[in-house]
Amino acid sequence: MQSGGDFSNGFHGDHHRELGWEEKQLVGGGLSSSFGRAKRRSIRGGPRDLSDGGANVPRVSDQLDEQKKSLETSESSPSPCTDFDVAYFHSYAHVGIHEEMIKDRARTDAYRDAITHHQSFIQGKVVVDVGCGTGILSIFCAQAGAKRVYAVDASDIAVQAKEVVKANGLSDKVIVLHGRVEDVEIDEEVDVIISEWMGYMLLYESMLGSVITARDRWLKPGGLILPSHATLYMAPVSHSDRYSHSIDFWRNVYGIDMSAMMQLAKQCAFEEPSVESISGENVLTWPGVVKRIDCQTIQIQELDSVTAKYRFKSIMRAPMHGFAFWFDVEFNAPASSPAKNTSESSAASGSSLISPSGEGNQKKRTNRSDALLLSTSPEAPPTHWQQTIVYFYDPIDVEQDQVIEGSVTLSQSKENRRFMNIHLEYSSAGRSFVKESVMR
């Protein structure tokens, strides 16, 4: 967690700039049998991909199966539980996912510090923890003096969460509800919503929709949502070591010319977005803001598709290998008299491209003491989210001060809303390109 400063920073201090964005529908992409952060984590020793038939992975509970069937026949349900959803919840029953998240000190300490910082909003109040997992955030809230905490999770990990709560003597305060936020019943309004909903590239997994549902169902006017705001950034990057490791390797393998493998290697290495860690030295420009989210006002339909237009200027001469994406979340207190979200309103009609300097577009915080930030920037302490890179199949050489411009569209797949379609259009030095990818 970082605090202080007059501006939220995506990277280089206050030099970020906001990109104009507009809502636009994009046709959904392909399907996969892997779901959620579980699939990405499996590469780093986490749970296995579900395509192996679920070996060594806990079975989906009968309760979820019955829940899905009942939802399919319910006309009142705004969001039916699909087979994709069931598999998504299933993936979060694996202990490895929760172990990795809890061991991410930047993440877990940020939430604990935010709960402590906002203890006056939590003490003696009613809290909902959306996607509670093992229940750690619910327990933090109970320790901060919450009167009652509803810990909601549709995954079978809720069974273990209930035992964790019991073992810590908090069963009288923390009520574990095994089911979706869309389906469980809470017979009172709540004062606080807390959730660790962020996926890779912020919007991957589409869990924010469940937070919005909880807000609209139960949160009192002026209630606290943690985190309160989120910002997705992007910037062009150069990563010659990665390209050399994956592609140039095939030029000479034990003295054998295997360059015939290079085209296939490019497709295998760069077809899908890559979750990996880069440093500030890899970033070619000041970052731009793709999307700002105010959790008090964001609507579910805004998550269907987001398009941002960008115009970057390279600060160095280097090969450009793709674009990196990362995010910040803020833990701010609710405004005493919430104002209309004018930035979202103007953007919905398609805001114009801003000036490269970003003057007048930086987002000032109203209170420095509330400037609590969890950042996944290349210059921030590392997190399990790392950064998401959309690589080109072939690098583009750029000169210092060369302009890179275009647009990016992020949209939910029509087949599986938890997948993300990425459509990148970019041009530089008179050459134009398009890169399409699906984050599965």
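Residues numbered from 1 in each chain as written. Predicted model: local features only at pLDDT ≥ 70, side-chain atom pairs only at ≥ 80, totals over all residues. Heavy atoms only, no water.

### Remarks on the sheet that holds strand β6 (residues 174-178)
Item 1. Strand order in the open sheet formed by five strands is β6-β5-β4-β7-β8, and the pairing between neighbours is parallel. Each edge of the sheet is formed by a strand with only one pairing partner; in this case those strands are β6 and β8 (219-226). With strand direction ignored, the average angle separating the axes of adjacent strands in the sheet is 20°.
Item 2. When strand β7 (residues 190-195) meets β8, the two strands line up parallel, connected through four bridges. Along β8, the bridge assignment pairs valine 190 with leucine 219.
Item 3. Packing against the sheet, helix α9 (residues 208-218) makes contact with β4 (126-130), β7 and β8, and its axis sits at approximately 150° to β8. (Pairing = 2+ DSSP bridges. Helix = DSSP H or I, 4+ residues; strand = E, 2+ residues; numbered from the N terminus. Axes fitted to C-alpha atoms, helices over the stretch in contact; angles between N-to-C directions. Contact = heavy atoms within 4.5 Å.)

### Focus on the nonpolar core
Item 1. In terms of nonpolar packing, the biggest core is built from 96 residues, with Trp197 and Phe323 touching the most fellow members.
Item 2. Tallying contributions element by element places strand β13 (residues 318-330) first for this core, with six residues.
Item 3. Those residues in contact with tryptophan 197 that sit more than four places away from it in its chain are Tyr111, Leu202, Met207, Leu208, Val211, Pro227, Ala230, Ile293 and Cys295.
Item 4. In terms of nonpolar packing, the next biggest core, distinct from the first, is built from 15 residues, Tyr243, Ala265, Val283 and Tyr391 among them. (Core = buried A, V, L, I, M, F, W, Y, C linked by side-chain atoms within 4.5 Å. Buried < 20%, exposed > 50% of the residue type's maximum accessible area, 1.4 Å probe, protein only.)

### Focus on helix α5 (residues 105-117)
Item 1. Compared with an ideal rise of 1.5 Å per residue, which puts 13 residues at 18 Å, α5 spans 17 Å between its outermost C-alpha atoms and is within 8% of the ideal.
Item 2. Looking at α5, one finds that the buried residues are Ala106, Arg107, Thr108, Asp109, Ala110, Tyr111, Ala114 and Ile115.
Item 3. Measuring from the backbone nitrogen of alanine 106 back to the side-chain oxygen at the start of α5 gives 3.3 Å, which picks out aspartate 104 as the cap. (Expected span 1.5 Å × (residues − 1). Polar contact = N/O pair within 3.5 Å; in protein donor to acceptor, adjacent residues only side chain to side chain.)

### Brief notes about the pairing of strand β15 (residues 387-398)
Item 1. Pairing of strand β10 (residues 274-276) with β15 involves three bridges; the strand directions are antiparallel. In the sheet register, serine 274 faces β15, and the bridge partner there is isoleucine 389.
Item 2. Here β13 pairs with β15 via seven bridges, running antiparallel. Note on β15: the bridge partner recorded for methionine 320 is isoleucine 396.

### A short note on the pairing of strand β16 (residues 403-412)
Item 1. Here β16 lies mainly inside the structure; seven of its ten residues are buried.
Item 2. By the bridge criterion, nine bridges tie strand β12 (residues 305-313) to β16 in an arrangement that is antiparallel. Looking at β16, one finds that threonine 307 is bridged to threonine 409.
Item 3. Bridge count for β16 against strand β17 (residues 420-428) is eight bridges, and the pairing is antiparallel.

### Observations regarding the confidence of the model for the protein chain
Item 1. Averaged over all residues, the pLDDT of the protein chain is 81; the fraction at 70 or higher stands at 74%.
Item 2. Low pLDDT, under 50, characterises residues 337-370; the stretch is placed with 58 contacts to residues that sit more than four places away or in other chains. (pLDDT = per-residue confidence, 0-100.)

### Here's the deal with the side chain of glutamate 196
Item 1. With respect to the helices and strands, glutamate 196 occurs in the loop between β7 and α9.
Item 2. A polar contact is formed between the side chain of glutamate 196 and the side chain of arginine 107, at a distance of 2.8 Å.
Item 3. One polar contact links the side chain of glutamate 196 to the main-chain amide nitrogen of methionine 198, over a distance of 3.4 Å.

### Observations concerning the pattern of salt bridges
Item 1. Under the defined criterion, the tally for this structure stands at 17 salt bridges.
Item 2. Between arginine 107 and glutamate 196 there is a salt bridge, with its nearest N and O atoms 2.8 Å apart. With arginine 107 in helix α5 and glutamate 196 in the loop between β7 and α9, the pair connects residues that are 89 residues apart, well separated along the chain.
Item 3. The buried category is assigned to arginine 107, whose relative accessible area is 6%.
Item 4. As a salt-bridge pair, aspartate 191 and lysine 220 come within 3.1 Å of each other at their nearest N and O atoms. (Salt bridge = Lys/Arg side-chain N within 4 Å of Asp/Glu carboxyl O.)

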